[in-house]
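A closer look at the structure
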Amino acid sequence: MLAELLPPPRSVSEPRAARGYWRRLLPTLALLACVTRVPSFTRPLWNPDEGYLAVQARLLAQGGVLYDTVVDRKPPLLPWLYQAAFAVAGSGSLTSVRVLAVVAQLLTAVLLASLARRRWGDTAGGTAGVLYLLVSVGLNPEDTQAATFEVFTLPCTAAAMWCADRRRWGAAGLAVAGAFLVKQTGGAVLVPVMWLCVSAGGCPRTSQKVPLRDVRARGLAWLGAGVVAPVLGVAAVTDPAGFLFWTVTGSGAYASFTGSEIHVLARGLTNAAILALACAGLIPPVLRALWLARTGAVDLWLWSAASAGAVLLGFHFFGHYYLQLLPPLTLLATAALQILPRERLIHAVLTSACCCVLFLTWGLLAPRPELDHARRLADEVAIRTEPQERVLVWGIHPETYWLADRRPASRYLTAGLLTNYSGGRDGPQVGERYAVDGAWAVFGEEMTEQAPALVVDDSRGKPYGPQRVPSLRRLLAARYEEVGVVDGAVLYVRSRT
């Protein structure tokens, strides 16, 4: 078996040797983390998720209430992180959160390196850290270079496994909770963590042997407390009912697979193929080791399977979902390379480096037409409105609010929350009746109490356009008149009559 062929887990290293090891490795990982994130600093933003988070952070800073006047289908940690970064560095640029994303990637690499070093030795530690950073950019740049949910979920998942590997169950639970509170699917790491807890055979930091049943019970108690306490605390700090609705129970239509099967399957297969290319240096060693040894570390396979389940959950297959697969895949490849000839290790690193260069070039050179559109539209919005006036952008690009520096007229920052289009649907199950429960009643009140000075129909022929949304169509007909078109987006101002 692979676990038997590999060197046994390392004992605690001499402090001086450990310090020397990390003094050599950390600068390399830090430099690589910076290099692989260079493209992220070349665009004001990369995808609508960044725009959504930036607008949320501004609204929270202006007194908005999370899960009430500021809403999204996500937990609150990342909006809070954006808000904190903006408080320090200003909200006119995402540079501050991009720097934090570099730190998150570096921390993930360091934790993976530490895990691998503890299990298989010094060389394996460096291999895991380097390979992770090389493959971390292996998808469409808008998925890997954006400072969004998965990037900040991964250090939490790696920390959960790091703590579990050392049988620090309370800390492991806190890390699992952190992953969940960045994005719900981050909680999938609880599966391998629980397996490690159940299979534990002794007390950490001592040579004392205690009954396995007591170890399991004590570990599970600490793990459960670590997971539950932060989640309940965050729910209490925000709004318990709102937190439960927006993070768990209110996404039934969004998570449905019905209506766009071919569309989402094509996206899933495309992103899987892109990731397979990026991991061309990792996959062959894993397959080769499987052929030779038939098995490997159970917790790593469980981590991979749980992460795959997180990718499948909701049936949308956006590229950034696949990032959750990279840490366990990196460790599996590192484990496999320990029993293969050294030239296999060199080949894996070189192949991964070449793929990394390919994806970095894509990130630096690829045009971003949607960003260019959002910037032109934001310029027009800024010209036609005063800073204190509210705007409604009917589309899926909330970054327009941020770029124009205008306050949204609705808590629903995209048309997706009011039509279900935000799930990437191509037509079926898009419309008013698929909206978040109760959203249209709230939206109607908002349009009466804080009527926007300008409405931008940015649907541009998509299935959530006013022609398919009767309530919006009636609103525009009764209160607004068309005044211009920008790149297909139609602008409306309040009627004077």
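Look a little higher up for the structure.
Everything numeric in this text was worked out from a predicted model, so none of it was measured.

1. Quick notes on the overall build of the chain
When helices and strands are tallied, the chain shows 22 helices and five strands. In the chain, which comprises 497 residues, the proportion classed as buried is 56%. Of the roughly 20900 Å² of accessible surface on the chain, a fraction of 62% belongs to carbon and sulfur atoms.

2. Points about the sheet that holds strand E5 (residues 489-494)
Read from one edge of the open sheet, five strands run E2-E1-E3-E5-E4, paired in mixed fashion. With one partner strand each, in any of the chains shown, strand E2 (407-408) and strand E4 (480-486) form the two edges of the open sheet. As defined by bridge partners, E4 adjoins E5 across six bridges and the pair is classed as antiparallel. Among the inter-strand pairings, glycine 484 is bridged to a residue of E5, identified as leucine 491.

3. Structural notes on the side chain of serine 40
With respect to the helices and strands, serine 40 occurs in the loop between helix H2 (15-36) and helix H3 (48-61). A relative accessible area of 0% places serine 40 in the buried class. Side-chain polar atoms of serine 40 contact the backbone oxygen of arginine 37, separated by 2.6 Å. If sequence neighbours within four positions are ignored, serine 40 has contacts with Trp46, Arg98 and Gln145.

4. Digging into helix H17 (residues 342-365)
Across its 24 residues, H17 extends 35 Å between first and last C-alpha, which sits within 8% of the 34 Å expected from 1.5 Å per residue. Looking at H17, one finds that the buried residues are Leu345, Ala348, Thr351, Ser352, Cys355, Cys356, Phe359, Leu360 and Gly363.

5. Topic: unusual backbone geometry
Glycine aside, a negative phi is what most residues show, and trans is what most peptide bonds show. Not every positive phi belongs to a glycine, and phenylalanine 317 is a case in point at roughly 60°. Tracing the backbone through its elements, the reader meets phenylalanine 317 in the loop between helix H15 (298-312) and helix H16 (326-337).

6. Some thoughts on the nonpolar core
By size, the foremost hydrophobic cluster in this structure holds 74 residues, and its most contacted members are Val193, Tyr322 and Leu331. Considering every element that reaches this core, the biggest residue donor is helix H5 (residues 95-120), with nine residues. Ignoring any residue separated from it by four or fewer positions in sequence, one finds tyrosine 322 in contact with Leu139, Gly268, Asn271, Ala272, Leu275, Val311 and Phe317. Grouped together as the second largest cluster of nonpolar side chains are 71 residues, Leu59, Tyr67, Phe86 and Val490 included.

7. So, a nonpolar patch on the surface
On the surface, a cluster of nonpolar side chains totalling about 470 Å² of accessible area is made up of Leu31, Val35, Val38, Leu364 and Leu365. Mapped by element, the contributors of at least two residues to the nonpolar patch are H2 and H17. Take leucine 365: it is sitting in helix H17.

8. Some words on the packing of aromatic side chains
Considering all chains together, one arrives at ten aromatic pairs under this definition. Centre to centre, the rings of tyrosine 21 and tryptophan 22 are 5.2 Å apart; their planes meet at 85°, and the pair counts as edge-to-face. For the pair shown, tyrosine 21 and tryptophan 22 are each scored as buried. Arranged with centres 5.9 Å apart and planes meeting at 35°, the rings of phenylalanine 359 and tryptophan 362 form a pair that is tilted. One end of the pair, phenylalanine 359, and the other, tryptophan 362, are both in helix H17, three residues apart, so they sit about a helical turn from each other. The rings of Trp394, Trp440 and Phe443 are connected pair by pair, giving a single aromatic cluster. If you follow lysine 74 out to its NZ or CZ, it ends over the ring of phenylalanine 149, 5.1 Å from the centre. Positioned above the aromatic ring of tyrosine 21, the side-chain terminus of arginine 117 is 4.0 Å from the ring centre.

9. Considerations on helix H6 (residues 122-135)
With 14 residues, H6 should cover 20 Å at 1.5 Å per step; its first-to-last C-alpha distance of 21 Å lies within 8% of that length. In terms of burial, H6 is a largely internal element, twelve of the 14 residues being buried.

10. Structural notes on the environment of leucine 45
By secondary structure assignment, the location of leucine 45 is in the loop between H2 and H3. Classification of leucine 45 by relative accessible area gives buried; the value is 3%. Along the primary structure leucine 45 and leucine 94 are separated by 49 residues, whereas in three dimensions their C-alpha atoms are 7.2 Å apart. If sequence neighbours within four positions are ignored, leucine 45 has contacts with Glu50, Gly51, Leu94, Arg98, Leu371, Glu399 and Trp402.

11. Here we look at the pattern of salt bridges
In this structure the tally under the stated criterion is 15 salt bridges. Of the charged contacts in the structure, one is a salt bridge between glutamate 446 and arginine 411, with a shortest N-O distance of 2.7 Å. Residue glutamate 446 is found in helix H21 (residues 439-449), and its partner arginine 411 is found in the loop between E2 and helix H20 (416-419); the two are separated by 35 residues along the sequence. You can call glutamate 446 buried: its relative accessible area is 4%. Through salt bridges that share partners, Arg118, Arg119, Asp165, Arg166 and Asp299 make up one connected network.

12. Points about the environment of glycine 126
Relative to the elements of secondary structure, glycine 126 occurs in helix H6. Owing to a relative accessible area of 15%, glycine 126 belongs among the buried residues under this scheme. In sequence terms glycine 126 and arginine 24 are 102 residues apart; their C-alpha atoms lie 9.7 Å from each other. Excluding anything up to four places from it in sequence, glycine 126 contacts Tyr21 and Leu25.

The rules we used
- Residues numbered from 1 in each chain as written.
- Predicted model: local features only at pLDDT ≥ 70, side-chain atom pairs only at ≥ 80, totals over all residues.
- Heavy atoms only, no water.
- Helix = DSSP H or I, 4+ residues; strand = E, 2+ residues; numbered from the N terminus.
- Buried < 20%, exposed > 50% of the residue type's maximum accessible area, 1.4 Å probe, protein only.
- Areas by Shrake-Rupley, 256 points an atom, 1.4 Å probe, with all protein chains shown as cover.
- Pairing = 2+ DSSP bridges.
- Polar contact = N/O pair within 3.5 Å; in protein donor to acceptor, adjacent residues only side chain to side chain.
- Contact = heavy atoms within 4.5 Å.
- Expected span 1.5 Å × (residues − 1).
- Core = buried A, V, L, I, M, F, W, Y, C linked by side-chain atoms within 4.5 Å.
- Patch = residues over 30% accessible without salt bridge, like charges linked within 9 Å, V, L, I, M, F, W, Y side chains within 5 Å.
- Salt bridge = Lys/Arg side-chain N within 4 Å of Asp/Glu carboxyl O.
- Phe/Tyr/Trp six-rings, centres within 6.5 Å; stacked < 30°, edge-to-face > 60°.
- Lys NZ or Arg CZ within 6 Å of the ring centre and 35° of its normal.

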